[in-house]
Amino acid sequence: MSRIGRLPIAIPAGVEVVIAEGNKVTVKGPKGTLEKCLPVEMKIELKDNEIVVSRPNDLKKMKSLHGLTRTLIANMVTGVTEGYQKVLEINGVGYRAAKKGKEITFNLGFSHPVVMSDPDGIETVMEGQNKIIVKGIDKEKVGQYAAEIRDLRRPEPYKGKGIKYDYEVIRRKVGKTGK
């Protein structure tokens, strides 16, 4: 039995879960509403303020879908109650970002500024010129947008210049030595 899949998901107060036909799960909470179509093979049940996910048989595919389905529902419940956030830091001389409305303008050493606009359901907050906080209720969208921002200028190993996550540690290399 899947260790993660068999754990029940507790539904906190103020959260409403609706399981429609075809395993379409809708979660409403204080921060918003999330909707996702999950694998139809899984059996999702609401039992006294808990969601229980079970699988029909022990095939390898069913085992892998079991834990995935449970985790996706748990992430939706966490998203509508607490939300998710990723913190990015910009390192490098002259590297900075500025936010205006829903758009962020990055100066990252290119010959032109790079402009990115926030997708629906995602909010970015600037702390100074070198710290960006990406917030939202959908874990997948928050992670994807943060990864797209990081891909503009990944951190390099010699001077550590670029955009990195706050928890990321850059392994530094020694540069060339002169005679």
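Coordinates for the structure precede this section.
Residues numbered from 1 in each chain as written. Predicted model: local features only at pLDDT ≥ 70, side-chain atom pairs only at ≥ 80, totals over all residues. Heavy atoms only, no water.

What to know about the pattern of salt bridges
Here comes step 1: Tallied over the full model, the rule gives 11 salt bridges.
Here comes step 2: One continuous salt-bridge network, built from bridges that share partners, spans Lys43, Glu45 and Lys47. (Salt bridge = Lys/Arg side-chain N within 4 Å of Asp/Glu carboxyl O.)

What about the pairing of strand 3 (residues 24–29)?
Here comes step 1: By the bridge criterion, 5 bridges tie strand 2 (residues 16–20) to strand 3 in an arrangement that is antiparallel. Each bridged residue has a counterpart across the sheet, and for Ala20 the counterpart in strand 3 is Lys24.
Here comes step 2: What sits between the antiparallel neighbours strand 2 and strand 3 is a turn of 3 residues, in which Gly22 has the positive phi angle 75°. (Pairing = 2+ DSSP bridges. Helix = DSSP H or I, 4+ residues; strand = E, 2+ residues; numbered from the N terminus.)

Brief notes about the sheet that holds strand 5 (residues 43–47)
Here comes step 1: The sheet built from 3 strands is open, its strands ordered 1-6-5 with antiparallel pairing. Pairing within the sheet leaves two strands with one partner each, and these edge strands are strand 1 (9–10) and strand 5.
Here comes step 2: Both strand 5 and strand 6 (residues 50–54) contribute to a ladder of 5 bridges, which runs antiparallel. What sits directly across from Leu46, in strand 6, is Ile51.
Here comes step 3: Here helix 1 (residues 60–81) sits on the sheet and contacts strand 1, strand 5 and strand 6; the angle it forms with strand 6, its principal contact strand, is near 160°. (Contact = heavy atoms within 4.5 Å. Axes fitted to C-alpha atoms, helices over the stretch in contact; angles between N-to-C directions.)

Some details on the side chain of Asn23
Here comes step 1: In this structure, Asn23 sits in the loop between strand 2 and strand 3.
Here comes step 2: A polar contact of 2.7 Å, which involves the side chain of Asn23, links it to the backbone oxygen of Met42.
Here comes step 3: When near neighbours in sequence (up to four residues on either side) are disregarded, Asn23 contacts Lys36, Cys37, Leu38, Pro39, Val40, Met42 and Ile44. (Polar contact = N/O pair within 3.5 Å; in protein donor to acceptor, adjacent residues only side chain to side chain.)

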